[in-house]
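Architecture at a glance
Listed here are the chains, written in short residue letters.
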Amino acid sequence: MTKFQAIDINDLPQWSDWPARLLGLTSFTPPVRTPAKIEEEYGQIKYATCLKAWQESGETLDATQLRLHHYAQDPAALRPAVYKGKILAVPATQIVAWYDALLAEWMAGAIGKARTVVELGTGFGHILWSLRQ
């Protein structure tokens, strides 16, 4: 494994607002999820920007590249992740690679026994695409 920056658990609040929220140290009001809000967030913002990026690429971006576009403004920027029991700061590209490798490893037995694999809640199908690779 390539060396990445270790993050001490006490430093997590520097990387995310969620530790303080989960511990009740700061207030958090979840957004109200209405059909209109969901359509705005996904149909007009998240997936619309992925569609635009795909179209602007000449329809050449694969599902992993679109996922990185969707999740990270800068895929090379460090983000916190837990991997093999360690809290690390790593690029989104590495997080996606680890996730895909672990998912393929965990799913291999079940997929090997199946005639058909279906992904529910696929977004744009990046998980199924990754498993196919």
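Residues numbered from 1 in each chain as written. Predicted model: local features only at pLDDT ≥ 70, side-chain atom pairs only at ≥ 80, totals over all residues. Heavy atoms only, no water.

**Points about the layout of surface pockets**
- Of the volumes computed, that of the largest pocket is approximately 160 Å³.
- Along its surface, the largest pocket is lined by Tyr71, Arg79, Pro80, Ala81, Val82, Ala92, Ile95 and Val96.
- Looking at the lining of the largest pocket, the elements that each hand over two or more residues are strand 2 (78-83) and helix 4 (92-113).
- Counting residues per element, the lining of the largest pocket draws most heavily on strand 2, which supplies 4 residues. (1 Å grid on protein atoms, 1.4 Å probe; cavity = no way out; pocket = protein on both sides within 12 Å on 5 of 7 lines; lining within 4 Å. Points joined across faces, edges and corners; volume = space filled by probe spheres on them. Helix = DSSP H or I, 4+ residues; strand = E, 2+ residues; numbered from the N terminus.)

**Digging into the packing of aromatic side chains**
- Within the structure shown, the criterion is met by 4 aromatic pairs.
- Measuring from ring centre to ring centre gives 4.9 Å for Trp18 and Phe28, while their planes differ by 65°; the resulting arrangement is edge-to-face. Taken together, the residues span a long stretch of sequence, with Trp18 in helix 1 (residues 18-22) and Phe28 in the loop between helix 1 and helix 2 (35-56) at a distance of 10 residues.
- Taking relative accessible area as the criterion, Phe28 reaches 36% and is therefore assigned partly exposed.
- Ring centres of Tyr83 and Trp98 lie 3.8 Å apart, and the angle between their planes is 5°; this geometry places the pair in the stacked category. With Tyr83 in strand 2 and Trp98 in helix 4, the pair connects residues that are 15 residues apart, well separated along the chain. For the pair Tyr83 and Trp98, a shared accessibility class is recorded, and that class is buried.
- Put simply, the rings of Phe4, Tyr83 and Trp98 touch in pairs and so form one group of aromatic residues.
- Residue placement shows Arg21 over the ring face of Trp18; its charged tip is 4.7 Å from the ring centre. (Phe/Tyr/Trp six-rings, centres within 6.5 Å; stacked < 30°, edge-to-face > 60°. Buried < 20%, exposed > 50% of the residue type's maximum accessible area, 1.4 Å probe, protein only. Lys NZ or Arg CZ within 6 Å of the ring centre and 35° of its normal.)

**What to know about the packing of helix 2 against helix 3 (residues 63-71)**
- Direction vectors running N to C along helix 2 and helix 3 enclose 135°, while the axes themselves pass 10 Å from each other. The orientation of helix 2 relative to helix 3 falls into the category oblique. As for how helix 2 packs across helix 3, the hand of that crossing is right-handed. Two secondary-structure elements touch here, helix 2 through Lys46, Tyr47, Thr49, Cys50, Ala53 and Trp54 and helix 3 through Leu66, His69 and His70. (Axes fitted to C-alpha atoms, helices over the stretch in contact; angles between N-to-C directions. Parallel < 35°, antiparallel > 145°, perpendicular 65-115°, else oblique. Left-handed = near helix turned anticlockwise from the far one by under 90°. Contact = heavy atoms within 4.5 Å.)

This is a description of form; function is not addressed.
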